[in-house]
Amino acid sequence: MADMKQYVQDTLDLIAKRDPDQPQFKNTVSKVLESVIPVLEAHPEFKEQKILERIIEPERVITFRVPWQDDKGEVHVNRGFRVQMSSAIGPYKGGLRFHPSVNLDILKFLAFEQVFKNALSGLPIGGAKGGSDFDPHGKSDNEVMHFCQSFMTELYRHIGPDVDVPAGDIGVGGREVGYLYGQYKRIRDSYDAGVLTGKRVDYWGSLARTEATGYGLLYFVKNMLDAKDISLKDKTVVVSGSGNVATYAIEKAQAFGAKVVTCSDSNGYVYDPNGIDLAAVKEIKQVRRGRIKEYVETHPQAEYHEGCKGVWTVKCDVALPCATQGEIDLESAKALVANGVIAVGEGANMPSTLDAIAYFQQNKVLFAPGKAANAGGVSVSALEMAQNSERLQWTFEEVDGKLQDIMANIYKNAKANAEKYADPDDLVAGANITAFVKVANVMLAHGLV
Ligand SMILES: NC(=O)C1=CN([C@@H]2O[C@H](COP(=O)(O)OP(=O)(O)OC[C@H]3O[C@@H](n4cnc5c(N)ncnc54)[C@H](OP(=O)(O)O)[C@@H]3O)[C@@H](O)[C@H]2O)C=CC1
Ligand SMILES: O=C(O)CCC(=O)C(=O)O
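The rules we used
- Residues numbered from 1 in each chain as written.
- Chains lettered and ligands numbered in written order.
- Predicted model: local features only at pLDDT ≥ 70, side-chain atom pairs only at ≥ 80, totals over all residues.
- UniProt positions renumbered as here; feature names shortened; annotations may be inferred.
- Helix = DSSP H or I, 4+ residues; strand = E, 2+ residues; numbered from the N terminus.
- Rg over C-alpha atoms; globule rule 2.2 N^0.38 Å.
- Contact = placed C-beta atoms within 7 Å.
- Near = placed C-beta within 6 Å.
- Nonpolar A, V, L, I, M, F, W, Y, C, P; charged D, E, K, R; others polar.
- Buried ≥ 20, exposed ≤ 12 C-beta atoms within 10 Å, placed from the backbone.
- Domains from an automatic or database assignment.
- Pairing = 2+ DSSP bridges.
- Axes fitted to C-alpha atoms, helices over the stretch in contact; angles between N-to-C directions.
- Expected span 1.5 Å × (residues − 1).

Within an unreviewed UniProt entry, the label attached to the protein reads Glutamate dehydrogenase, and the organism entered is Selenomonas ruminantium. Comment text from UniProt for the protein, heading Subunit (unreviewed entry), reads "Homohexamer." Under the UniProt heading Sequence similarities (unreviewed entry), the note attached to the protein is "Belongs to the Glu/Leu/Phe/Val dehydrogenases family."

As structure tokens, then:
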């Protein structure tokens, strides 16, 4: 054990030495590597073949200039990135994020998570992430289109249906995917529908992809609660965010009979004691692209609070962080536990800090880690790729049925490995081990590449 602990520590030291400016990447890697120590013990060949040193190094990182012009004719220059982390299991796959905070550290942590998430899905997809520090907020459709066209004018050389298949993430939804796809098609002079996922259904997107991450999160949480004979019916649920993941998490939680009392954006959160009116949220966010505080203008019983952290002080049975990384810190975890939370399901990528996760686990809160619980989105993206290859489109019910099976399998495999190697309820360890073993074994099979 001491030997493999040292191997993990040496690998983390290597990151700290090579990339001292990438703390989020190092944090993410540390949690995964710490979980897989028992597997490294059982498989000395992983160390002999330097699997850890290889798995932390992206296969390729692309950075590029993205010049574009706003509606007033002013020129702007943003930075574009694609981190192609691993193609062991399939073409690079993972979303594009447009947000001012985007940098290489964040994209490497997201790409690393994506490798393991995609392995958990059981589908043939490797891991990648990309994006830009461009901020779509407050931009006209025309400006967003010009930006997307410029971004794709470089990215197109690095992607393809069997090479790398981007999709959406924060700040990249159906509108952006449409503009990106249009420019790709124009430059390549080829329809290649499978080059991007999250497309609109009328140009060969998959039914249920829009809903998949949020619905998948609830399917996973339901599996986790069912195993403890706990029902979601009549439970109080707190959700953060009001974007793609949050919206459809709220929709499915409500369909399961839960009462969702909050949602948020980066300015603040809404608390509605009667339960969130999802149609109103969709109107504000999807139609008007407005701010969540507008909700209280038509819902006088609801309260709006400036700032995002307060959402975790609202009393609830189940908490579903669906906005962004690091949004639940130790203080927020303590507030949730003090208020009696039973379960936390991560819709976002790494929304809980490492000390928050440890606190939940010490306090026996059922904890569903993002790489397992939010894998429904990328899974349906892989189903979109399959449909594009077949040149067919499946029904909503068919895709949703497959999504339910995929989420049940991810839960089952993570639980089985938690029981085999760790605390039986430690789904963080269970998910990390399941995914790591799969990727590491395929890397061995491919030789030294
Ligand atoms: N879309 C997908 O299929 C998948 C997404 N995820 C993850 O889920 C999370 C949400 O993604 P998605 O719903 O697609 O993104 P959206 O852009 O649709 O929504 C993001 C939401 O989070 C809020 N938000 C963004 N940044 C911050 C911040 N720094 N602090 C507080 N709130 C913030 C946004 O508010 P505002 O409008 O004010 O910016 C918005 O409400 C991300 O972590 C993403 O990586 C994971 C798996 C798949
Ligand atoms: O559907 C995809 O490829 C992107 C999903 C994604 O970015 C994620 O799972 O975080």
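Once the structure has been displayed, the description carries forward.
Asks: What exactly am I supposed to notice about the overall build of the protein here?
Replies: Counting secondary structure elements, the protein contains 18 helices and 13 strands. Computed over the C-alpha atoms, the radius of gyration of the protein is 21 Å, within 12% of the 22 Å expected from 2.2 N^0.38 for a compact globule of 449 residues. Dimensions of the protein, computed from the C-alpha atoms along their principal axes, are close to 60 × 55 × 45 Å.

Asks: How do you make sense of the UniProt feature "site: Important for catalysis" (unreviewed entry) in the protein when you look at a structure like this?
Replies: When the UniProt feature table is mapped onto this chain numbering, "site: Important for catalysis" (unreviewed entry) sits at Asp169. Among the secondary structure elements, Asp169 is positioned in the loop between strand 5 (164-167) and helix 8 (174-188). Residues within four places of Asp169 in sequence aside, it is in contact with Gly95, Leu96, Arg97 and Gly131.

Asks: Is there a simple way to think about the site of ligand 2 in this case?
Replies: Taken together, Lys93, Gly94, Gly95, Gln114, Lys117, Ala167, Asp169, Thr197, Asn349, Gly377, Val378 and Ser381 form the complete shell of residues around ligand 2. Secondary-structure elements contributing two or more residues to the shell around ligand 2 are strand 3 (92-98), helix 6 (104-120) and helix 16 (376-390). Split into classes, the residues belonging to the shell around ligand 2 amount to 2 nonpolar, 7 polar and 3 charged.

Asks: What's the story with the UniProt feature "active site" (unreviewed entry) in the protein in this structure? I'm lost.
Replies: Mapped onto this numbering, the UniProt entry annotates "active site" (unreviewed entry) at Lys129. Residue position: Lys129 is located in strand 4 (residues 127-132). The exposure class of Lys129 is buried, given the 30 C-beta atoms found within 10 Å. Setting aside residues no more than four positions away along its own chain, Lys129 makes contact with Val83, Gly94, Gly95, Leu107, Leu110, Ala111 and Gln114.

Asks: Before we go on, may I ask you to explain the site of ligand 1 in this structure?
Replies: Taken together, 24 residues are adjacent to ligand 1, and Gly243, Asp265, Ser266, Ala348 and Gly377 come closest. Broken down by element, the shell around ligand 1 gets its largest block of residues, 3 residues, from helix 10 (residues 244-255). Looking at the shell around ligand 1, its residues break down into 7 nonpolar, 15 polar and 2 charged. Lining the shell around ligand 1 are residues from two domains, each supplying at least three of them: domain 2 (60-191) and domain 3 (211-373).

Asks: Explanation requested: the environment of Val115 in the structure shown.
Replies: Its location among the elements puts Val115 in helix 6. Given 28 C-beta atoms within 10 Å, Val115 falls into the buried group. Remark: the alpha-carbon pair of Val115 and Gly126, spanning 11 residues in sequence, is separated by 5.8 Å. Beyond its immediate chain neighbours, meaning those up to four positions away, Val115 contacts Met85, Ser86, Gly126, Gly127 and Val439.

Asks: Even after reading the chapter, I still don't get unusual backbone geometry, so can you show me in this structure?
Replies: Most peptide bonds take the trans form, and the phi angle of most residues other than glycine is negative. With a phi angle near 55°, Asp189 is a residue other than glycine that sits in the positive phi range. For Asp189, the position within the fold is in the loop between helix 8 and helix 9 (209-226). Here Asp189 falls in the exposed class, since 7 other C-beta atoms lie within 10 Å of it.

Asks: Hey, could you run me through the domain arrangement of the protein in this one?
Replies: Size of an interface: often given as the accessible area lost when the parts come together. Each assigned domain of the protein is listed with its residue range as follows: domain 1 (2-55), domain 2 (60-191) and domain 3 (211-373). Each of domain 1 and domain 3 was reduced to a C-alpha centroid, and the two centroids are 32 Å apart.

Asks: Explain the sheet that holds strand 9 (residues 268-271) here, please?
Replies: Whether parallel or antiparallel, the strands of a sheet pair through hydrogen bonds between backbone atoms. Sheet architecture is open: 3 strands sit in the order 8-9-10, paired in antiparallel fashion. Strands with a single pairing partner mark the edges of an open sheet, and in this sheet they are strand 8 (262-264) and strand 10 (303-306). Strand-to-strand twist of the sheet, defined as the mean angle between neighbouring strand axes without regard to direction, takes the value 20°.

Asks: Sorry, what's going on with helix 10 here?
Replies: Every α-helix winds through 3.6 residues per turn, so residues three or four apart in the chain are directed the same way. Taking 1.5 Å of rise per residue, 12 residues should cover 16 Å, and helix 10 covers 17 Å from first to last C-alpha, within 8% of that figure. Most of helix 10 sits inside the fold, with 9 of its 12 residues counted as buried. In this structure, the buried residues of helix 10 make contact with helix 9, strand 6 (236-239), strand 7 (259-260), strand 8, helix 11 (278-287) and strand 11 (318-320). Of the residues trailing helix 10, Gly257 is marked for its positive phi of about 90°.

Asks: Would you mind going over helix 2 (residues 23-35) with me for this structure?
Replies: Taking 1.5 Å per residue as the helical rise, helix 2 with its 13 residues ought to reach 18 Å, and the 19 Å between its terminal C-alpha atoms agrees with that figure. Buried residues of helix 2: Phe25, Lys26, Thr28, Val29, Val32, Leu33 and Ser35, and no others. For helix 2, the elements touching its buried residues are helix 1 (2-18), helix 5 (51-55), helix 6 and helix 18 (427-445).

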